Amino acid sequence: MQFSNALAREIWDAKYRFSPTDGRPGDTTVDDMIERVSRAVAEAEVPALRKKWSARFAKALTDFRFIPGGRILAGAGTERRVTLFNCFVMGTIPDSLDGIFAHLGEAARTMQQGGGVGMDFSTIRPKGSYVVGVAADASGPLSFMDCWDSMCRTVMSAGQRRGAMMGCLHIGHPDIEEFIDAKQDRARLRNFNLSVLVSDAFMECLAQKGEWPLSFEGKTHRTVAATDLWERLMRSTYDTAEPGVIFVDRVNQQNNLNYCETISASNPCGEQMLPPYGACLLGSINLAALVENHFTKSAQIDDAALGDLVTTAVRFLDNVVDISLFPLPQQEAEAKAKRRIGLGITGLADALLFCGTAYGSDEATALTRHWLAIIKRSAYQASAALAAEKGSFPAFHKKILKRPGLASLDSATRKLIRQQGLRNGCLTSIAPTGTTSLLAGNVSSGIEPVFAYSYNRRILNADGSTREEKVEDYAMQKWREIRGDEIPPAELFVSAQTLAPADHLKMLAAAQQLIDSSISKTINCPENIDFDSFTDVYLEGYRLGCKGMTTYRPNAITGAVLSVDSPKKTSGTGGKGNKPSHPTALVPRQDRLTGATYKLKWPHSAHAVYVTINDLTENGKQQPFEIFINSKNMEHYAWTLGLTRMISAVFRRGGDVAFVHEELKAVFDPGGGSWIQGRYVPSLLAAIGSIIERHMQGPEHAAVAGVSAQHAFVREDQMISAEPMPERERPGECCRQCGSLSLVRKEGCDSCLDCGYSRCG
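Just so it is clear, the structure is predicted and the values come from calculations on it, not from any experiment.

## A few points about the overall build of the chain
Part 1 of the reasoning: A count of helical and extended segments in the chain gives 24 helices and 31 strands.
Part 2 of the reasoning: Counting every position in the chain, which comprises 761 residues, the buried fraction comes to 53%.
Part 3 of the reasoning: Within the chain, residue pairs in contact and separated by at least 24 positions form 68% of the contacts whose partners lie at least 6 positions apart.

Right, dumping it as structure tokens:
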């Protein structure tokens, strides 16, 4: 089996290829990976059946017809002590300091093994509440979310895969407004996706334009107009694409396992709504790989072949429950009690194209329902057959047949479940398939439309730098193979850039009717959509029965991984004469630039440090262009010279440069930091990062930095004084493991209050 392009092979080599360093044989080809994974998953079978099922699993994985979650591809059969599960929701967070930090540690251990985590912070008392016994006021859930965010950043810095977290808060929590506004700060909660848990009661109150109580543990702190709170939520997601919305009552009403669990959070991407300590593993049927007779009137997916593939995929994922390790014993107990799996689809948009059907059309929704109905029926029949062979999941009860998802099954399948039981409590969800869809030749991801038929993908290199790769959609590749230079019909080859929000919503609602859990889907909105129309997208989604909503409207705050070439750069045909300009070319310096100089008095330095930032004005907007750092103290000369050259080079390449000050502000000095204007700054570099941030937040930079003018920093020559922290207030020394200033000395040992690092002696 061969890769369809160089990017697919590169992704396999970087993420999924097993390359041991201890002399054991690894993967030399993708077929080696398939054999490794299939053999490992078949180990859950009785010895006499392992060879048979290993072959069946390998056949399903060949040509990427069935694509297991990335954790399975990377970890199965490697003997590494990692989990094969993608998704976790952590336990219910207790409203006590000890309990909160114990759960922080559990999340860290889960992320260290590569699992994404979701948390409901609604159980933490609101900011300002009196804490009995310590004569102090509570700091509220947002302050503890900052701790989780720092933990995630620490796990990332330790060389693990990129952290992923979902933070949820109920719309009735007294701190909900602060939660909604949190991402307005570009530097806050960057490792979180955020979702508001919206109840049916709130939606009814909104419809009645009533007053909504903000309460905690039965005590109402205040009331707000439901319309004002909803507008605040919509304004935030209109401006920053967050928070998302989870219709939590609907999630619980339609949950197969409603009789034995309550859900209040989701995994980071929103496709798995899970109970406390819930876990789910993922896999996708690649519909694009199953279509026969592309771009002809006879194009179709064979229903029987689709059903057979689903049967194999269900058994495969059920086996993974038994062979996987788990970060926490509570997660293992929950997973094996309910044996949840998340079988979904990918390549839907490409499959529709092959069948001559435009994404978002009535024909597309009908065909999507047809395929998903086959998947649902086949999955439940396969799970019932597994129950007859291996036993039902321990929490099984026949009252599950009364749940909405099973009530809609045909009578023959329901009879089978009644007689034989079910092996798995929940079977289907639709996840984003990011890198695995690229691995499969860049098929369209999950249930999403094609983002663009040719685009630039920004890729993070191992050294932290980025580069761009040109990528072409799988369906477009097939069109060129079959039709040559014939121009694709625009009415068929629609994309996320051309579809209306209503088209996205129609596809999401149609699919949700046939999916047990939820669906990860972004509803793309044009930048110029008016606010009222944007709000209507959410209200219509609620009316159509969606369980959750996430939108994206291009904005100044949110970055993008994918970018489409503008018409000036490329014609889209790849012809000569349309060569794009070099994306990383340095902008030439003008003879005269304007800027500002900031004087920084740092107590650990004998002389002041002067930071000069000059700007370039283009199209009426100012962008930082260069930086100089000077001081009479020569001990700083080498690193300040190197730093200014590197930062200036970044500035001169343009684009979003907010990461510069974010990275500098995260630097901790083991020797201790200082107070600046009433705020503790952990290092001289962090102080310089704050100066860059403030400079970019000036009124003339607001359009570039995404900061409103009312919060802007007025730039003028000024002195920023730093004072040493009084000894009695100084935090602990710097932790060698996580870099936080929370190292305390007790009982002869150094212990970190943030990450748990300990060293005695």
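## Some details on helix H12 (residues 329-338)
Part 1 of the reasoning: Turning to H12, its buried residues are Gln331, Glu334, Ala335 and Lys338. Down the axis of H12, the buried set is contained in an arc of 95°. They therefore lie on one face.
Part 2 of the reasoning: Looking at the buried positions of H12, the neighbouring elements they touch are strand E2 (87-89), helix H5 (97-112), strand E13 (279-286) and helix H11 (303-323).
Part 3 of the reasoning: Within two residues after H12, Arg339 carries a phi angle of roughly 50°, on the positive side.

## What about the environment of Gln253?
Part 1 of the reasoning: Residue placement: Gln253 occurs in helix H10 (residues 248-253).
Part 2 of the reasoning: A distance of 3.1 Å separates polar atoms of two side chains, one belonging to Gln253 and the other to Asp200.

## Considerations on the environment of Gly115
Part 1 of the reasoning: Position of Gly115 among the secondary structure elements: in the loop between H5 and strand E3 (116-120).
Part 2 of the reasoning: Separated by 49 residues in sequence, Gly115 and Ala164 have C-alpha atoms that sit 8.0 Å apart.
Part 3 of the reasoning: Each residue touching Gly115, except ones within four places of it in the same chain, is listed here: Thr83, Phe85, Asn86, Phe88 and Thr110.

## Quick look at the environment of Ile124
Part 1 of the reasoning: For Ile124, the location among the structural elements is in the loop between E3 and strand E4 (130-131).
Part 2 of the reasoning: C-alpha of Ile124 to C-alpha of Pro94: the two residues are 30 residues apart in sequence and 6.9 Å apart in space.
Part 3 of the reasoning: Apart from residues no more than four positions distant in its own chain, Ile124 is found in contact with Ile93, Asp95, Ile100, Gly140, Pro141, Phe144, His173 and Phe216.

## Describing a negative patch on the surface
Part 1 of the reasoning: On the surface, Glu292, Asp302, Asp303 and Asp308 cluster together into a patch of negative charge.
Part 2 of the reasoning: Since its relative accessible area comes to 54%, Asp308 is described here as exposed.

## Quick word on the confidence of the model for the chain
Detailed conclusions should not be drawn from predicted coordinates in areas where pLDDT is low.
Part 1 of the reasoning: On average, residues of the chain score 85 in pLDDT, and 83% of them reach the 70 mark or higher.
Part 2 of the reasoning: The low-confidence segment residues 745-749 (pLDDT under 50) makes 10 contacts with residues lying over four places distant or belonging to another chain.

## A short note on H11
Part 1 of the reasoning: Helix length check: H11, at 21 residues, gives a terminal C-alpha distance of 31 Å against a target of 30 Å (1.5 Å per residue), a fit within 8%.
Part 2 of the reasoning: The opening residue of H11 is Asp302, an N-cap whose side-chain oxygen sits 3.2 Å from the backbone nitrogen of Ala304.

## Regarding the side chain of His504
Part 1 of the reasoning: Within the secondary structure, His504 is located in helix H19 (residues 501-512).
Part 2 of the reasoning: Beyond its immediate sequence surroundings of up to four residues, His504 is in contact with Pro449, Ala496, Leu499, Lys521, Thr522, Ile523 and Asn524.

## Describing the nonpolar core
Part 1 of the reasoning: The biggest cluster of nonpolar side chains holds 164 residues, and the ones touching the most others in it are Phe66, Trp148, Phe202, Ile285, Leu306 and Phe316.
Part 2 of the reasoning: Ranked by residue count, the leading element in this core is helix H14 (residues 362-390), at 10 residues.
Part 3 of the reasoning: The contacts of Phe66, once residues within four sequence positions are left out, are Ala60, Leu61, Gly283, Ser284, Ile285, Leu309, Ala313, Phe316, Leu317 and Leu343.
Part 4 of the reasoning: Counting 23 residues, the second largest nonpolar core, distinct from the first, contains Ala596, Val609, Val657 and Ile692.

The rules behind these values
- Residues numbered from 1 in each chain as written.
- Predicted model: local features only at pLDDT ≥ 70, side-chain atom pairs only at ≥ 80, totals over all residues.
- Heavy atoms only, no water.
- Helix = DSSP H or I, 4+ residues; strand = E, 2+ residues; numbered from the N terminus.
- Buried < 20%, exposed > 50% of the residue type's maximum accessible area, 1.4 Å probe, protein only.
- Contact = heavy atoms within 4.5 Å.
- Arc of directions from axis to C-beta.
- Polar contact = N/O pair within 3.5 Å; in protein donor to acceptor, adjacent residues only side chain to side chain.
- Patch = residues over 30% accessible without salt bridge, like charges linked within 9 Å, V, L, I, M, F, W, Y side chains within 5 Å.
- Areas by Shrake-Rupley, 256 points an atom, 1.4 Å probe, with all protein chains shown as cover.
- Salt bridge = Lys/Arg side-chain N within 4 Å of Asp/Glu carboxyl O.
- Lys, Arg positive; Asp, Glu negative; His and termini not counted.
- Charge placed at Lys NZ, Arg CZ, Asp CG, Glu CD.
- pLDDT = per-residue confidence, 0-100.
- Expected span 1.5 Å × (residues − 1).
- Core = buried A, V, L, I, M, F, W, Y, C linked by side-chain atoms within 4.5 Å.

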